[in-house]
Amino acid sequence: MIRDKIINTARAITTHKEVIDLYNSNPNLPRGYKLKESDAWCAAFVSAVFIKNGYYDIAECSCPQMIERAKKLGIWVESDKYHPVVGDVIMYDWQDTGSGDNTGIADHTGIVINTAEKYFIVREGNKAGGIGNRTLIYDGKFIRGFITPKYEKVAKNYKTVDDVVDAIIAGEFGNGDNRKQLLYNYFQNLVNKKLGGK
């Protein structure tokens, strides 16, 4: 599964009907429930994007149930401070007081489609009755946590800085702000390993 395909699909899906049809096309409907047009559908939007790309693991029409699936897969990040990369899924809690790390019940979701130094952009279904974008600051109010699906990974252990530069030129770290975040994550992981996993 490739991040760019997920982002392109999130941008391409524009109607409620398309979301419902894609969600209900899942051969293993979660809890056997077929989504109705009158149901809340933010989680179904996220699921539809992934289903369209052949990824069914986190498909759910319930935000809390989607989190439970992500926890079982080891892809749930329980931290407001996490800096997402494109293709990550954000979970919101509109009852967040803004004090400390939010641990409330998730009631909305979307897919991160762009990142910048101080903010990121999320594509959401069931936003004001349609599909639209929202801009958020990192570690802001209402963030419940993040689902980090397992995409193509930069898993190589490069031997020299020149090897990393060659990998960047070859496109292994993507491009734009996403590349910056992947490079940050790559080097931060090396630092963490050197410090003994701290």
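Because the structure is predicted, anything quoted here is derived from the model rather than measured.

Draft legend 1. Structural detail: the overall build of the chain. Along its length, the chain carries six helices and six strands. In summary, the chain has a C-alpha radius of gyration of 17 Å against a globular reference of 16 Å for 198 residues, a match within 12%. Along the first, second and third principal axes, the C-alpha set of the chain runs to 55 × 40 × 30 Å. Here the chain, with 198 residues, has 45% of them falling under the buried criterion. Taking the contacts inside the chain whose residues are at least 6 apart along the sequence as the reference set, 58% of them involve residues at least 24 apart. Taken as a whole, the chain presents about 10600 Å² of accessible surface, with 51% of it coming from carbon and sulfur. Distance from the positive charge centre (27 side chains) to the negative charge centre (24 side chains) of the chain: 2 Å.

Draft legend 2. Broad picture of the packing of aromatic side chains. Tallied over the entire structure, the rule returns six aromatic pairs. Measuring from centroid to centroid gives 5.6 Å for Phe50 and Tyr55, while their planes differ by 55°, and the two rings are tilted. Residue Phe50 is classed as buried on the basis of its relative accessible area of 1%. Relative accessible area serves as the criterion here: at 14%, Tyr55 is assigned to the buried category. Following the ring pairs from residue to residue traces out a cluster consisting of Tyr82, Phe120, Tyr138 and Phe146. Lying over the aromatic face of Tyr92, Arg134 brings its terminal NZ or CZ to 5.5 Å of the ring centre.

Draft legend 3. Representation of helix 1 (residues 3–12) within the structure. Residues of helix 1 that are buried: Arg3, Ile6, Ile7, Thr9 and Ala10. Taken around the axis of helix 1, the buried residues stretch over an arc of 160°, which confines them to a single face.

Draft legend 4. A look at the sheet that holds strand 4 (residues 119–127). Judged by pairing direction, the sheet is antiparallel, and its six strands sit side by side in the order 1-6-2-3-4-5 without closing on themselves. Every other strand in the sheet has two partners, leaving strand 1 (76–77) and strand 5 (130–137) as the edge strands with one partner each. Here strand 1 pairs with strand 6 (residues 143–147) via two bridges, running antiparallel. Its bridge partner lying in strand 6, Trp76 is registered against Ile147. Along the sheet face, helix 3 (residues 42–52) touches strand 2 (89–92), strand 3 (108–115), strand 4 and strand 5 and points at about 50° away from the line of strand 3.

Draft legend 5. Structural view of the pairing of strand 5. Where strand 4 meets strand 5, eight bridges bridge the pair, whose relative direction is antiparallel. What sits directly across from Ile121, in strand 5, is Thr135. Connecting strand 4 to the next strand, strand 5, in antiparallel fashion are two residues, including Ala128 with a positive phi near 55°.

How each quantity is defined
Residues numbered from 1 in each chain as written. Predicted model: local features only at pLDDT ≥ 70, side-chain atom pairs only at ≥ 80, totals over all residues. Heavy atoms only, no water. Helix = DSSP H or I, 4+ residues; strand = E, 2+ residues; numbered from the N terminus. Rg over C-alpha atoms; globule rule 2.2 N^0.38 Å. Buried < 20%, exposed > 50% of the residue type's maximum accessible area, 1.4 Å probe, protein only. Contact = heavy atoms within 4.5 Å. Areas by Shrake-Rupley, 256 points an atom, 1.4 Å probe, with all protein chains shown as cover. Lys, Arg positive; Asp, Glu negative; His and termini not counted. Charge placed at Lys NZ, Arg CZ, Asp CG, Glu CD. Phe/Tyr/Trp six-rings, centres within 6.5 Å; stacked < 30°, edge-to-face > 60°. Lys NZ or Arg CZ within 6 Å of the ring centre and 35° of its normal. Arc of directions from axis to C-beta. Pairing = 2+ DSSP bridges. Axes fitted to C-alpha atoms, helices over the stretch in contact; angles between N-to-C directions.

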